[in-house]
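The chain contents come next:
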Amino acid sequence: MFAAIADVLRQVGGAVATVVTLPFRAVARLFGGASAGAGGRRA
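Residues numbered from 1 in each chain as written. Predicted model: local features only at pLDDT ≥ 70, side-chain atom pairs only at ≥ 80, totals over all residues. Heavy atoms only, no water.

(A) Representation of the overall build of the protein within the structure. If you tally the helices and strands in the protein, you get one helix and zero strands. Each of the 43 residues in the protein was classed as buried or not, and the buried ones make up 0%. Summed over its atoms, the accessible surface of the protein is roughly 3900 Å², and 72% of this surface lies on carbon and sulfur atoms. (Helix = DSSP H or I, 4+ residues; strand = E, 2+ residues; numbered from the N terminus. Buried < 20%, exposed > 50% of the residue type's maximum accessible area, 1.4 Å probe, protein only. Areas by Shrake-Rupley, 256 points an atom, 1.4 Å probe, with all protein chains shown as cover.)

Following this line, the structure appears as structure tokens:
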């Protein structure tokens, strides 16, 4: 019983983490693409 509840909470936590990190990844990709396009290459 408790294992099933823990499993559901783990899945919900994973979904929330994905939704929260998605905008940050999009912004990082945006700035990364802009800097790469401007000739700023990272090692």
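(B) Highlighting the pattern of salt bridges. Under the defined criterion, the tally for this structure stands at one salt bridge. With its nearest N and O atoms 3.4 Å apart, the salt bridge here joins aspartate 7 to arginine 10. Residue aspartate 7 and its partner arginine 10 are both found in helix α1 (residues 2–37); the two are separated by three residues, about one turn of the helix. Residue aspartate 7 is classed as partly exposed on the basis of its relative accessible area, which comes to 35%. A relative accessible area of 58% places arginine 10 in the exposed class. (Salt bridge = Lys/Arg side-chain N within 4 Å of Asp/Glu carboxyl O.)

(C) Quick peek at a nonpolar patch on the surface. Residues Val8, Val12, Val16, Val20 and Phe24 make up a contiguous nonpolar surface patch of roughly 470 Å² in combined accessible area. Mapped onto the elements, valine 16 comes out in helix α1. Taking the relative accessible area as the measure of exposure, valine 16 reaches 47% and is therefore partly exposed. (Patch = residues over 30% accessible without salt bridge, like charges linked within 9 Å, V, L, I, M, F, W, Y side chains within 5 Å.)

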